[in-house]
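Examination of the molecular architecture
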Amino acid sequence: INQPNITHIPSPLSSLHLFTQHLCSVASMTNTTMRRHRHPERRREISYPLLFVWCTLLLAIPPVHPFLLPLHFTSASPTTISSTPTKTSNIVSPRGPLRSHLPPTLESLVTDTLDADRKIIIVTGGVLSGIGKGVTASSIGVLFRAMGYRVTALKIDPYLNVDAGTMSPFEHGEVFVLDDGGETDLDLGNYERFLSVSLTKDSNLSTGKIYQSVIERERIGEYLGKTVQVVPHISDAIQEWVLKVAKTPVSRFTTATGESDADKEEPPEVCIVELGGTLGDIESMPFVEALRQLQENLGYKNLCFVHVSLVPVLGDPPEQKTKPTQHSVKQMMQMGLRPDFLCCRGSAALEPSTVSKLSLFTSVPKGAIVSLHDVSNIYRVPLMMMEQNVHAMLMHRLRMDPYERGVDYSMAEDDGTIENSQVIRDWKKLADSVDEPESECVIAVVGKYVDHGDAYLSVVKALTHSAIATKQRLRIEWIEASSLNPDNDSEIADTANSWELLKKCDGVVVPGGFGSRGMEGKISTIQYCRQNKVPFLGICLGMQAAVIEYCRNVVGIIKAHSAEFFDDLVKDEEDAVIFMPEGDRERMGGTMRLGARETLLKEDSIARRLYGKDKVMERHRHRYEVNPALVPKLEKAGLTFVGRNTDESGERMEVCELSEESHPYFVAAQFHPEYTSRPEMPNPLFLGLLQACKKNISSSAN
């Protein structure tokens, strides 16, 4: 009591408890020493003397150790005694491990995440790429949506590109554009469609982005002359990025829907992070290390790992093979990560013997091994996971209510409330509608990248959403645009087959793209649709092709074309499509007209009727636009521009159409309506196309 600067006096009971803890620690250290020696007699020689020495030291100095360990010291005067311990900084968090080594920004984000009780779920993949990590992550998000949580998502792409904007669709699939203009990986489209949220460009992290961020910070001297290294600087930056995205509010629906969003300003409660590629790839190593550190910083109960792997079926009779997954998990553990859940892709449900074997060799509990086998449609995946109790296990693993102490997370029981939620009821109706259509509709997609299905993934999803809404089974015919207008005699046979296929379709979509290849084929397709009254929807370059076709074949401007492909066109006469004044011809990445822009729709137009409002927000991605100087001639000839933008000049053409008296459905848009289509809310322009097709089919049948 007479000691100076003492602010807390421990009770004898607490001191005795602490002393007992230290004795246990000594015994554990001694036992470890014993295990490290191979000879039994040597173990005895070392263990007992060491235990005696430690106990003697602890008992010989009781005033200092361990009785004074709980004491906290301050700069108070020697005569001051306080009953309240002084608040310490960077020592020990009651909800997390030691964090004194963290930089201030990361420490602040970690503290905020712990205080908000925000949960992080990491989805990784093994064996091969394209195994279904995106759908798995999205389906987990649907389950949390059904339980009433606000969910956000982050996709990590280990490639060196800053974003996906300059990547070829042949190599990478489509570029998905967000409301804020972010050009991102197509998986973000899955997240938005499943989670019904509008994400931001920060929701897609690449190696290029993180290195660019760290190098910029080094250039301004933020690291104070230190040697900048992958660990800790890159790994810390990755952790900061993840935690910032995890706390960034996201709107429940994209602004294109016009729906009110009361939760927009509230931060998410759950963040789902997908690590792209395959574990073991060299390029993903910094991210793996960063995620390992992140779990150490957040603690076991705030972050978990879901690993997606492959269980192939081989042999005769067929046998499920677990070796690929065993090696995948082994490699994951060697990198410092351990899966809490194992999601196994395959053609058939996992057999009990397969589950037992996987559990034995991966140390994942049997209940946490999830079968993600092939199903009739993608919308059944969340339902399949729900049937295997994934939602309850995740809640228990992350210590979310209701949490029962002492029960292993793989044994958590479902209370049944999720099945009665509106989200799950709607999702069941959606999945059943896909499997139980009333009729079939065949849509031709005439484009440049048709050999790579993912190049038009959002177009396919938007068509699917509208087919579900109109109770039709969708069948897509992929037609290479260049095959419709051959350059040499050897391609004439292919051209005949392509035209025969096109003429059997109920409707046509000409999607966006870049480059001159196939442009004449698109123009010929649009002419056929206009003259034969086939329902048609043009998107971005598809709208520009529609304008060029109308200039040539109706207005009479025979040499009409786009300035994107020819630079010798007569100004304001032949240049039906022009380069936008604010565009950048030198830099390719991020210099297009990107993101959500407002469009004003005319009264009594098809687009206005479909949207049900006069102003809409849709996403753009283009450098060229319809020449406003030719609009009066086009409108006089019957092609009406019913949608125009409302910012800056107000002269940008956004939507054009033919009247319903002259054509059942001929609509084209400069923006990309496919990006804002949702399973429960199809985009109006795609919905109008499928409605027109169904009407034509019914008329033909009658």
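What you are looking at is a predicted structure, and each value in this text was computed from that prediction instead of being measured. (Residues numbered from 1 in each chain as written. Predicted model: local features only at pLDDT ≥ 70, side-chain atom pairs only at ≥ 80, totals over all residues. Heavy atoms only, no water.)

**Looking at the sheet that holds strand 18 (residues 593–601)**
Selection rule: By definition, two strands form a pair when at least two bridges between them are found by DSSP. Numbering goes from the N terminus for both helices and strands, where a helix is a DSSP run of H or I of at least four residues and a strand is a run of E of at least two. Axis geometry follows a simple rule: fit a line to the C-alpha atoms, using only the stretch in contact for helices, then measure angles between N-to-C directions, giving values from 0 to 180 degrees. Note on contacts: a residue pair qualifies if any of its non-hydrogen atoms lie within 4.5 Å across the two residues.
Reading across from one edge, 13-12-14-15-23-22-21-18-19 is the order of the nine strands in this open sheet, with mixed pairing throughout. Of all strands in the sheet, those bounded by a partner on one side alone are strand 13 (472–480) and strand 19 (615–622). Within this sheet the neighbouring strands show an average axis-to-axis angle of 25°, counted without direction. Relative to strand 14 (residues 507–510), strand 12 (residues 439–447) runs parallel, the two sharing three bridges. Its bridge partner being in strand 14, A444 is matched across the sheet by V508. Relative to strand 13, helix 15 (residues 457–469) is tilted by about 150°, and along the sheet it contacts strand 12, strand 13, strand 14 and strand 15 (536–539). Across the face of the sheet, helix 17 (residues 519–532) comes into contact with strand 12, strand 14, strand 15 and strand 23 (666–669) while running at roughly 150° to strand 14.

**Notes on the packing of helix 15 against helix 21 (residues 684–701)**
Filter applied, for reference: Orientation labels follow simple angle bins: below 35 degrees gives roughly parallel, above 145 gives roughly antiparallel, 65 to 115 gives roughly perpendicular, and whatever is left gives oblique. With the far helix as reference, a near helix turned anticlockwise by less than a right angle produces a left-handed crossing, and one turned clockwise produces a right-handed crossing.
Packing of helix 15 against helix 21 brings their axes to within 9 Å, and their N-to-C directions diverge by 55°. With respect to their mutual orientation, helix 15 and helix 21 come out oblique. In this structure, helix 15 crosses over helix 21, and the sense of that crossing is right-handed. Here helix 15 contributes V459, A462, L463, S466, A467 and A469 to the contact with helix 21, which in turn contributes F686, L687, L689 and L690.

**Details of the sheet that holds strand 20 (residues 624–626)**
On the basis of which strands lie adjacent, the open sheet formed by three strands has the order 16-17-20 and mixed pairing. Strand pairing shows two members of the sheet lacking a second neighbour, strand 16 (561–562) and strand 20, which therefore form its edges. Here two bridges tie strand 16 to strand 17 (residues 575–579), and the two strands are oriented parallel to one another. Following the sheet pairing, S562 is matched in strand 17 by V577. In this fold helix 18 (residues 541–555) packs onto strand 16, strand 17 and strand 20, with an angle of close to 150° to the strand it touches most, strand 17.

**Overview of the side chain of R652**
As a reminder, the rule being used: For this analysis, a polar contact is any N or O atom pair within 3.5 Å, provided that within protein one partner can donate a hydrogen and the other can accept it, and provided that sequence-adjacent residues contribute only side-chain to side-chain pairs.
Relative to the helices and strands, R652 resides in the loop between strand 21 (640–645) and strand 22 (653–657). At 2.9 Å, the side chain of R652 forms a polar contact with the side chain of E625.

**Regarding helix 4 (residues 133–146)**
Which entries qualify depends on this criterion: Expected helix span is computed as 1.5 Å times (number of residues minus one). Three labels apply to residues, based on accessible area from a 1.4 Å probe with only protein chains included: buried if under 20% of the type maximum, exposed if over 50%, partly exposed otherwise in between.
Taking 1.5 Å per residue as the helical rise, helix 4 with its 14 residues ought to reach 20 Å, and the 20 Å between its terminal C-alpha atoms agrees with that figure. By the criterion of burial, helix 4 is predominantly enclosed, with 12 of the 14 residues buried. Every buried residue belonging to helix 4 is among K133, G134, T136, A137, S138, S139, I140, G141, V142, L143, F144 and A146, and all of these are buried. Once helix 4 finishes, G148 follows within two positions and takes phi at roughly 90°, a positive value.

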